[in-house]
Amino acid sequence: MTELWQLGARALARLYGARQAGPVEALDALLERLRAVEPMVGAFACVLDEEARSAARVLQDELYRGVSRGPLHGVPVAVKELFDVEGAPCDYGSDVLSGRVAAADAELVRRLRQGGALIVGTTRSHEFGWGITTQHERRAGTRNPWNLDRIPGGSSGGSGAAVAAGMVPVAVGSDTGGSIRIPASFCGVAGLKPTFGRVSRTGGMALAPSFDTAGALGRTVEDAAVVVEAMSGADGVDPACPPDLPPPEVPAARDSLDGTRIGVSADLMNVGLDGSIKAVFDAAVGLLEELGAQIVEIGLPDAESIRSAFMPLQMAEAHHVHHSMGLYPQRAADYGSDVRSRLEAATDVSIGDYLAASEQRRRIVAAFERGLRSVDAVLSPVSGVGPSRVDDSDRAVWNGRTRPLRDAVMIFTVPHNVTGLPTSIVPVGVDADGLPVAVQLMAERWREDKAVEIAAALELAVEPPAAAFPELAGHAAAATSSE
């Protein structure tokens, strides 16, 4: 029998509707799971159990009176620690702001509560969101639930690990250079990076404002899409959010992709994939063809040139954010060494570098918009490798060669940030080490529904893994018995 903690957001909502369970019961089951596995995984920065229990009783009473706030009514949700949750410790994963407590909810948190979501707590991020490992030299890092010796990815590593380990059905993430998609792939969960500007970032910590995009991770593609739908809407404070834009649709799942054209581009993969990753990607292409999709080779800008445009833009914007907040260089010694070194390097980005990269970005965006006119979505890998080891987190083994992890991953993720286009992530298999591998589907601007629809169809067709959740409870029991 499936336990409540194992259910996704939509599955819980159906149980609530049938009066077969309520938010209080579901929350208790998830908190029990959290207590059992969180000490091993380290996904949470803060657990708000008492606050969540109080809210669950209110929301359950509303359901019993026939009141529903929407599809997330009574569904437990975790929030990446880069977004403020009123009353919760919120230092954005950094000793620089140690002791800070959020005075108010971020706008997306307010909207989630308005839609009936139960905020369970905040999940770990790489420091200030500037990294893809969710490790910190002075703080315990987050572990990948499928192999505790591996990283979960980042910077939304806590959100990815929390969903994968069964601690919450859905979680909020953010994505500046791959920070939703990398943890989704490494942890084997679904995700949605919406169009830049779809979700307000008010009340969140900026990394690079022209790239930062809030989104979601979930047990299923549909679950992630429902969270994004609830968070979406105009916000006069965030200039990236257009006025009067309706929330994205969450399409019904399809078992056929007849008539769908899916683009693949060698230009996005010319750096190559590790052998077992390539096998999984090729199998996903085959599955899409079996579903009736037509795979079309399209020309796009070279992935390395896209990353070369991304880097000076991201570095200059991040430096400006931290300098404007009075944090860098004044508090340089309190940063982790990796983020501090990136800030130091960012001081060398000139205004000429920034302007040249901005012009190149405009050309890249135009090229992708042209390419997407002939297809419904573009399929690509999320990473060229699997997750690195916790004890050597910044390096990866790529076809037998040790290379910087960022070079093996971000080359595949930054095109979606440079263009700001919506991207859905779906797990499609495992690599040679038995660790999850996902693919990403990019659609036209504001067409999250297209990306979600295709990803959901692929999700249904993928052979499910032997175990839906990692056997962390067994690890906990073994550790206890050996003490």
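The residue count restarts for each chain, going from 1 along the sequence in the order it is written. With the structure being a predicted model, the display of local features is reserved for residues of pLDDT at least 70 and the display and counting of side-chain atom pairs for 80 or more, all residues being used for whole-chain, interface and lining totals. Heavy atoms throughout the structure, all of them, feed into the side-chain values; hydrogens and water do not.

**Structural notes on unusual backbone geometry**
The condition that has to hold: The secondary structure listing takes helices from DSSP runs of H or I that are at least 4 residues long and strands from runs of E that are at least 2 residues long, numbered from the N terminus. Each residue is assigned to one of three classes by its accessible area relative to the maximum for its type, calculated with a 1.4 Å probe on protein chains only: buried under 20%, partly exposed between the two thresholds, exposed over 50%.
Backbone torsion omega between glycine 154 and serine 155 reads 10°, so that peptide bond is classified as cis. Mapped onto the elements, serine 155 comes out in the loop between strand S3 (118-123) and helix H5 (157-164). Cis geometry is adopted by the peptide bond preceding proline 329, which originates at tyrosine 328 and carries an omega value of 10°. Mapping proline 329 onto the fold places it in the loop between helix H9 (303-324) and helix H10 (337-346). Phi angles above zero are rare outside glycine, and phenylalanine 128 is one such case at about 55°. Turning to its location among the elements, phenylalanine 128 is positioned in the loop between S3 and H5. Taking relative accessible area as the criterion, phenylalanine 128 reaches 0% and is therefore assigned buried.

**Points about the sheet that holds S3**
Picture the strands of a sheet paired through backbone hydrogen bonds; they go either parallel or antiparallel. Cut-off, in case you're wondering: Think of it this way: DSSP has to see at least two bridges between two strands before they count as a pair. Here an angle of 0 to 180 degrees is reported between the N-to-C directions of two axes, which are lines fitted to C-alpha atoms, with helices fitted over the stretch in contact.
Across the sheet, 11 strands lie side by side as S1-S3-S2-S4-S6-S5-S12-S13-S9-S7-S8; this open sheet has mixed pairing. Bordering the open sheet on either side are strand S1 (44-47) and strand S8 (294-297), each of which pairs with just one other strand. Put simply, the sheet's adjacent strands are angled 30° from each other on average, direction ignored. Both strand S7 (residues 261-264) and strand S9 (residues 377-381) contribute to a ladder of two bridges, which runs parallel.

**So, the nonpolar core**
For clarity, the threshold we go by: Buried Ala, Val, Leu, Ile, Met, Phe, Trp, Tyr and Cys residues that are joined via side-chain atoms within 4.5 Å together make up what is termed a nonpolar core. Residues count as neighbours in contact if any of their non-hydrogen atoms are within 4.5 Å of one another.
Leu108, Leu112 and Leu379 are the most contacted members of the largest nonpolar core, which totals 89 residues. Sequence-distant contacts of leucine 112, that is, excluding residues within four places in its chain, are made with Leu72, Val77, Ala117, Ile119, Val172, Val227, Ala230 and Met231. Judged by nonpolar contacts, the second largest core, of 32 residues, contains Ala208, Leu300, Phe310 and Leu405.

**What to know about the pattern of salt bridges**
Where we set the bar: A pairing counts as a salt bridge when a side-chain nitrogen of Lys or Arg comes within 4 Å of a carboxyl oxygen of Asp or Glu.
This model, assessed by the stated rule, comprises 32 salt bridges. Between aspartate 95 and arginine 139 there is a salt bridge whose closest N-O contact spans 2.9 Å. Taken together, the residues aspartate 95 in the loop between strand S2 (76-80) and helix H4 (107-114) and arginine 139 in the loop between S3 and H5 connect sequence positions 44 residues apart. Judged by its relative accessible area of 22%, aspartate 95 falls in the partly exposed class. The partly exposed category is assigned to arginine 139, whose relative accessible area is 22%. Close ionic contact of aspartate 392 with arginine 395 constitutes a salt bridge, the shortest N to O distance being 3.0 Å. Arginine 395 sits in the partly exposed class, given a relative accessible area of 47%. Here the salt bridges share partners, and the residues they tie into one network are Asp91, Asp95, Glu137, Arg138 and Arg139.

**Observations regarding the pairing of S9**
Buried residues dominate S9, accounting for five of its five residues. Alternating positions in S9 separate into two faces, Ala377, Leu379 and Pro381 on one and Val378 and Ser380 on the other, with burial throughout. Pairing of S9 with strand S13 (residues 436-442), which is carried by four bridges, proceeds in the antiparallel orientation. Bridging from a neighbouring strand, proline 381 pairs with valine 439 of S13.

**Considering the side chain of serine 358**
By the element assignment, serine 358 lies in helix H11 (residues 351-372). Judged by its relative accessible area of 15%, serine 358 is buried.

**Regarding helix H13 (residues 448-461)**
Note the following rule: A helix is expected to span 1.5 Å for every residue after the first.
With 14 residues, H13 ought to run about 20 Å at 1.5 Å a step, and its terminal C-alpha atoms sit 20 Å apart, in line with that. The element H13 is largely enclosed, with a buried count of 10 among its 14 residues. Inspection of H13 places Glu448, Asp449, Lys450, Ala451, Val452, Ile454, Ala455, Ala456, Ala457 and Leu458 among the buried residues, and these make up the whole buried set.

**So, the pairing of strand S12 (residues 423-430)**
Regular strands show a simple pattern: their side chains alternate between the two faces of the sheet. Taken together, the three bridges between strand S5 (residues 190-193) and S12 define a ladder with antiparallel strand orientation. Within the sheet, the bridge partner assigned to glycine 191 lies in S12 and is isoleucine 425. Sheet topology places S12 next to S13; seven bridges connect them, and they run antiparallel. Bridging from a neighbouring strand, serine 424 pairs with leucine 441 of S13. In sequence, S12 turns back onto S13 through a hairpin of five residues, with glycine 434 there showing a positive phi of about 80°.

**As for the packing of aromatic side chains**
Aromatic ring pairs are reported here in terms of the distance separating the ring centres and the angle at which the planes meet. This is how the line gets drawn: Two aromatic rings from Phe, Tyr or Trp, using only the six-membered ring of Trp, form a pair when their centres are within 6.5 Å; if the ring planes differ by under 30 degrees the pair is stacked, by over 60 it is edge-to-face, and anything between is tilted. Should the NZ of a Lys or the CZ of an Arg lie within 6 Å of a ring centre and within 35 degrees of the ring normal, that charge is described as sitting over the ring.
Enumeration according to the criterion identifies four aromatic pairs in this entry. Ring centres of phenylalanine 128 and tyrosine 335 lie 5.7 Å apart, and the angle between their planes is 45°; on these two criteria the pair is classed as tilted. With phenylalanine 128 in the loop between S3 and H5 and tyrosine 335 in the loop between H9 and H10, the pair connects residues that are 207 residues apart, well separated along the chain. For the pair formed by phenylalanine 128 and tyrosine 335, the shared burial category is buried. Counting every residue linked through ring pairs, the aromatic cluster contains Phe128, Tyr328 and Tyr335. Across from the ring centre of tryptophan 5, 4.0 Å away, lies the NZ or CZ of arginine 33, which sits over that ring.

**Thoughts on the packing of H9 against H11**
The cut-off we apply is this: Put simply, angles under 35 degrees are roughly parallel, angles over 145 are roughly antiparallel, angles from 65 to 115 are roughly perpendicular, and the rest are oblique. Crossings are classed by handedness, with left-handed meaning an anticlockwise turn of the near helix from the far one by less than a right angle and right-handed meaning a clockwise turn. For this classification, Asp, Glu, Lys and Arg are treated as charged, while Ala, Val, Leu, Ile, Met, Phe, Trp, Tyr, Cys and Pro are nonpolar and the rest, including Gly, are polar.
At a minimum axis distance of 9 Å, the contact between H9 and H11 shows a crossing angle of 130°. By the angle class used here, H9 and H11 are oblique. In the packing of H9 onto H11, the handedness of the crossing is left-handed. Contact residues: Ser305, Ile306, Ala309, Pro312, Leu313, Ala316 and Glu317 in H9; Asp353, Tyr354, Ala357, Ser358, Gln360, Arg361, Ile364 and Phe368 in H11. Residue composition of the contact of H9 with H11, by class: nine nonpolar, three polar and three charged.

**Notes on the environment of isoleucine 262**
Structurally, the position occupied by isoleucine 262 is in strand S7. In this structure isoleucine 262 comes out as buried when scored by relative accessible area, which is 0%. Counting along the chain gives 14 residues from isoleucine 262 to serine 276, while the straight-line C-alpha distance between them is 23 Å. Excluding its chain neighbours within four sequence positions, the residues that come into contact with isoleucine 262 are Leu288, Ala293, Gln294, Ile295, Val296, Val375, Ala377, Leu379, Leu441 and Ile454.

**Re the confidence of the model for the protein**
Put simply, the test is: Each residue gets a pLDDT score, which is the predictor's confidence in that residue and runs from 0 to 100.
Averaged over every residue, the pLDDT of the protein is 95; residues scoring 70 or more account for 97%. The model gives residues 476-483 a pLDDT under 50, and that stretch makes two contacts with residues more than four places away or in other chains.

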